[in-house]
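Spelled out from the first residue to the last, the chains are:
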Amino acid sequence: KTILSVGAWSAGGALNTARYGLGGAGTQTAGIAFGGHNGTAIVDNSEEYNGSAWTEGNNLNQARQELGNAGTQTATLAFGGENAGSFYTNSETYNGTSWSEGNNLNTGVWRQGGFGTTSAAVSFGGTQGDPTAATNQTEEYGGTSWTTVNNMNTARSQVAGSGTLTAGLGSGGVLTPGSGTNAVEEYNGTNWTAGGSMLINNSGLTAFGIQTASIAAAGNDGSSNITKAEFYDGTSWSTLPTLAQARRGLAGAGTSTAGLVMGGYVTGEAANTEEFTGDTTALNYKTLTSS
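This structure is a prediction, so every number in the text was calculated from the model and none was measured. (Residues numbered from 1 in each chain as written. Predicted model: local features only at pLDDT ≥ 70, side-chain atom pairs only at ≥ 80, totals over all residues. Heavy atoms only, no water.)

**What to know about the pairing of strand 15 (residues 146-149)**
Piece 1. The pairing of strand 14 (residues 138-141) with strand 15 spans four bridges and is classified as antiparallel. Looking at the pairing, Glu 140 lines up with Thr 147 of strand 15.
Piece 2. Hairpin connection between strand 14 and strand 15: a loop of four residues separates the two successive antiparallel strands, and Gly 143 in this loop has a positive phi of roughly 105°. (Pairing = 2+ DSSP bridges. Helix = DSSP H or I, 4+ residues; strand = E, 2+ residues; numbered from the N terminus.)

So this is what it looks like as structure tokens:
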């Protein structure tokens, strides 16, 4: 299997609008950040990252925070979220220039996880209104409409998503208020099954990468915001170098060897970006048969 052998975080360019509860997608050199809360209002701002700096782009049609996300910088999907007590079913796609309304989720939800692409995405978990009541509901997007599918095994909100529709990962989250979890579930396009547990309970974290090479970063361990990062190899988690800034409610994008995190909540809304660069090492196993 493949493991992450070396890695380091470095400072990137700051967002133009500091915020938490934002969505993010893309790669380390072509990222996108959208929505969130900037301290005075829930915003519709959308920004693009070129590997060094963020540039304002055309806004979301619906301002919202703690929404789901999937895709790339030029093919982005934003879904769900909250604004002023409204819990949205709205689903929007971004083509690299502007956002367009698409068909809605079946159920309004916020604080959910998401992964996939604009033609094959998954929305899972979150809360469907009451922030004290998590859901295990899962919906799939096929490029046109959303379909309710098999539930997660455990309801949770503030959960991080990474991977694809047929090989997805849901990491951490909140079961009930004050009860963060280290539980992980893997999705194969039909069913959710238990994966290897994270090293600590964590909620409000972000994740990026694929099911067999995913990084979970920052969040809150139940007592404070954290700088911790972990790597998942498809079976178990290992510790990575820590971020410079402890925060929760941040967004992430990229791969386990070229990742990006941005925004979040420290003691207020953050604008800073951190980039992760890692190297992988392939471990080859040989089966010996006695005779």
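Now that the structure has been shown, we can carry on.
**Some details on the sheet that holds strand 2 (residues 23-26)**
Piece 1. The sheet built from four strands is open, its strands ordered 2-3-4-5 with antiparallel pairing. Across the chains shown, the open sheet's two edge strands, defined by having one partner strand only, are strand 2 and strand 5 (54-56). The average undirected angle you get between the axes of adjacent strands in this sheet is 25°.
Piece 2. Across four bridges, strand 3 (residues 31-34) lies against strand 4 (residues 46-49) in antiparallel orientation. Of the residues in strand 4, the one forming a bridge with Gly 31 is Tyr 49. (Axes fitted to C-alpha atoms, helices over the stretch in contact; angles between N-to-C directions.)

**Focus: the sheet that holds strand 20 (residues 206-210)**
Piece 1. In spatial order, the strands read 20-21-22-23; together these four strands make up an open sheet with antiparallel pairing. Because the sheet does not close on itself, it has two edges, and the strands there are strand 20 and strand 23 (237-240). Taking the axes of each pair of neighbouring strands and ignoring which way they run, one obtains an average angle of 20° across the sheet.
Piece 2. Pairing geometry for strand 21 (residues 213-217) and strand 22 (residues 229-232), over four bridges, is antiparallel. Considered in strand 22, the bridge of Ser 214 is made with Tyr 232.

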